[in-house]
Amino acid sequence: MIGLFRWMFGFVKFSFTGGFAENFLTECFSDGMELRNINKNADGFTAVCNLRIYKKLHHYAYRHGGKVKIVKKSGLPFILLPLKNRIGFFVGMLAFVIIISFLSCFVWNVEITGNNRISDTMILSYLENYNLKPGTMWSSISRDDICWDMMSEFEDISWVHINKQGSIARVEINETTPADKNGDDNKLKGINVFRKEIQVVAYREQKSMTLKSSKKYKTLKFFSADIPLYISKETGDVSQISEDYLTIKGTVLPIGITECEEQFFASQPKTLTDEELLNLAYKKTGFQEEKEFDGFEIINKTENHNIDDDKCVMTTSYIIKRK
C-alpha cells in the first residue's frame with residue numbers, strides 16, 4: 001500500500017554532485033527530509049524522494065556547494081502531465097466515474113439459485129411485488145423483509161437470502177425436503193403398484209375463438225421508468241409481451257424495449273359431434289395422466305365412457321407402478 005501511494009503522488013530519482021554530500025545528507029535528515037535508496041557513486045550519490053521534498057533540495061544543495069538533478073521520474077502525476085491542457089479528457093473521466101457510481105445504485109439483473117421445485121418465473125413475479133426487479137434502486141429494497149415474507153409464503157422454502165453483488169441481486173434459496181405423498185406405510189411394505197382412477201367430463205357445447213385483429217405497442221424501459229412509444233392503448237382479449245434488453249458482456253442492463261401484442265378474438269358457439277366429443281375427452285384424460293402420473297409407469301388401463309345429449313363422461317382405471 002505504501003508503494004501504491006508513492007506511485008499515485010509521484011516520486012523522482014535524483015543525483016547530488018559537486019559539493020559536500022555528507023553535510024547535505026546530515027542537514028536533510030535533521031530537517032525530516034525522507035530520502036530513500038541512497039547509493040554512492042564517483043561524483044556524489046543518487047537517492048529517491050517524493051516531489052514535495054525534491055523541490056526543497058535545491059536550497060540545501062546550494063548551501064553545501066553542490067547541485068541536484070533528476071535522473072528518473074515515476075508515478076501518476078508524470079503520466080497525466082502531458083494531458084494537463086486536455087480539459088475534455090479529465091471532464092470525460094469525471095463523467096465516467098459519476099455515471100458508473102450512479103448506475104451501481106440500481107439493480108441490473110436478478111439471479112436465482114437453489115430452486116428446484118419452485119420455478120424462476122414464480123419467484124421473479126413474487127419479487128416484483130416487492131419492487132425487486134431490474135431498474136430499481138437498492139436503497140428502496142428491504143432485503144430482510146423480502147426474505148422473511150418468502151419463507152412465510154412458500155412452504156417449499158426453508159431458507160432464503162438476497163445478496164448484493166455489485167449491481168446483481170443474487171437470490172439464494174434452500175428448499176425443504178419433500179414429504180412422501182404416497183405414504184410411508186406403502187414404502188415400508190415394499191408396495192410399488194397402485195390403482196388409480198381418472199374421470200373427466202367433456203361438454204358438447206363449445207366456443208370457437210376466431211382472431212379478429214391484433215395491435216402491437218412498444219415501451220422504452222429505462223431503469224424503473226416506462227416510457228410509452230404510443231399515444232393510446234387498447235386492451236385486447238389476450239396479451240403477449242416480448243422483451244429486448246441491452247446486454248454488455250453477458251450482463252443484462254435495465255434498458256431496453258418491450259413489445260406488447262394485444263389480440264382481439266370473436267367467440268362463436270360450436271356443437272361437437274360424437275366423434276369430436278370423444279376425442280376431446282381422450283385429450284383431457286391425457287392431460288390428467290401427464291399431471292398425476294409423473295414418475296410412474298402405466299401397467300394397464302381400462303376406459304369406459306358415456307355420451308348423452310350434453311356431455312361425455314369418461315372414466316379410466318389404471319394400474320401403475322413406480323419407475
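Look above for the structure.
Computed from a predicted structure; not experimentally measured.

Student: Provide a residue-level description of the sheet that holds strand β1 (residues 11-17), including the pertinent values.
Tutor: Strand pairing in a sheet relies on backbone hydrogen bonds. The paired strands run either parallel or antiparallel. What the four strands build is an open sheet, ordered β2-β3-β1-β4; its pairing is antiparallel. Each edge of the sheet is formed by a strand with only one pairing partner; in this case those strands are β2 (36-40) and β4 (67-74). Strand-to-strand twist of the sheet, defined as the mean angle between neighbouring strand axes without regard to direction, takes the value 20°. Both β1 and strand β3 (residues 44-50) contribute to a ladder of seven bridges, which runs antiparallel. Its bridge partner being in β3, S15 is matched across the sheet by T46. Helix α3 (residues 51-63) rests against β1, β3 and β4 of the sheet, and its axis sits at about 145° to β3.

Student: How would you summarise the packing of helix α2 (residues 21-30) against α3 if you had to cite specific residues and measurements?
Tutor: Describing two packed helices takes the angle between their axes plus the distance from one axis to the other. Relative to each other, α2 and α3 sit at 140°, their axes nearing to 9 Å. Relative to α3, the element α2 is oriented oblique. Considering how the two elements wind past one another, α2 and α3 form a crossing that is right-handed. For the pair α2 and α3, contact is made by F24, E27 and C28 and by L57, Y60, A61 and R63, respectively. Grouping the amino acids of the contact of α2 with α3 by side-chain chemistry returns five nonpolar, no polar and two charged.

Student: Describe the layout of surface pockets, with residues and values.
Tutor: Computed from the structure, the largest pocket encloses a volume of approximately 500 Å³. Lining the largest pocket are 16 residues; nearest its centre among them are E128, K133, P134, E243 and Y245. Elements represented by at least two residues in the lining of the largest pocket include exactly β5 (109-113), α6 (120-129), β11 (238-248) and β12 (251-271). Looking at the lining of the largest pocket residue by residue, the class counts come to nine nonpolar, two polar and five charged.

Student: Tell me about the packing of α6 against helix α7 (residues 143-153), and please be specific about residues and values.
Tutor: Running from amino to carboxyl end, α6 crosses α7 at an angle of 130°, the nearest separation of the two axes being 11 Å. One way to sum up the angle between α6 and α7 is to call them oblique. Read as a crossing pair, α6 and α7 show a hand that is right-handed. Contact residues: α6 offers I123, Y126 and L127, while α7 offers I146, D149, M150 and E153. Here the contact of α6 with α7 is composed, by residue class, of five nonpolar, no polar and two charged.

Student: A description of the packing of aromatic side chains should follow, citing residues and the corresponding values.
Tutor: The tally for this structure, following the rule as stated, stands at 10 aromatic pairs. Aromatic side chains F14 and Y54 sit 6.0 Å apart centroid to centroid with 50° between the ring planes, which places their arrangement in the tilted category. A residue pair is termed long-range when its members are at least 10 positions apart, and F14 in strand β1 and Y54 in helix α3 qualify at 40 residues. The rings of F14, F16, F24, F45 and Y54 are connected pair by pair, giving a single aromatic cluster. We note R63 situated over the ring of Y60; from NZ or CZ to the ring centre the distance is 4.9 Å.

Student: Which residues make up the nonpolar core, and what are the values?
Tutor: Of all hydrophobic cores here, the largest spans 20 residues; its most connected members are L127, L132, M150, V171 and I173. With residues near it in sequence (within four places) discarded, L132 still touches V107, V110, L127, I141, I146, I162 and A169. Grouped together as the second largest cluster of nonpolar side chains are 18 residues, A21, F24, C28 and Y60 included.

Student: Can you break down the environment of L211 residue by residue, with the values?
Tutor: On the secondary structure map, L211 appears in strand β9 (residues 205-222). L211 sits in the partly exposed class, given a relative accessible area of 46%. Note: C-alpha distance between L211 and S267 (56 residues apart in sequence) is 9.0 Å.

Cut-offs used in this document
- Residues numbered from 1 in each chain as written.
- Predicted model: local features only at pLDDT ≥ 70, side-chain atom pairs only at ≥ 80, totals over all residues.
- Heavy atoms only, no water.
- Pairing = 2+ DSSP bridges.
- Helix = DSSP H or I, 4+ residues; strand = E, 2+ residues; numbered from the N terminus.
- Axes fitted to C-alpha atoms, helices over the stretch in contact; angles between N-to-C directions.
- Contact = heavy atoms within 4.5 Å.
- Parallel < 35°, antiparallel > 145°, perpendicular 65-115°, else oblique.
- Left-handed = near helix turned anticlockwise from the far one by under 90°.
- Nonpolar A, V, L, I, M, F, W, Y, C, P; charged D, E, K, R; others polar.
- 1 Å grid on protein atoms, 1.4 Å probe; cavity = no way out; pocket = protein on both sides within 12 Å on 5 of 7 lines; lining within 4 Å.
- Points joined across faces, edges and corners; volume = space filled by probe spheres on them.
- Phe/Tyr/Trp six-rings, centres within 6.5 Å; stacked < 30°, edge-to-face > 60°.
- Lys NZ or Arg CZ within 6 Å of the ring centre and 35° of its normal.
- Core = buried A, V, L, I, M, F, W, Y, C linked by side-chain atoms within 4.5 Å.
- Buried < 20%, exposed > 50% of the residue type's maximum accessible area, 1.4 Å probe, protein only.

Distances and angles like these do not, on their own, reveal function.
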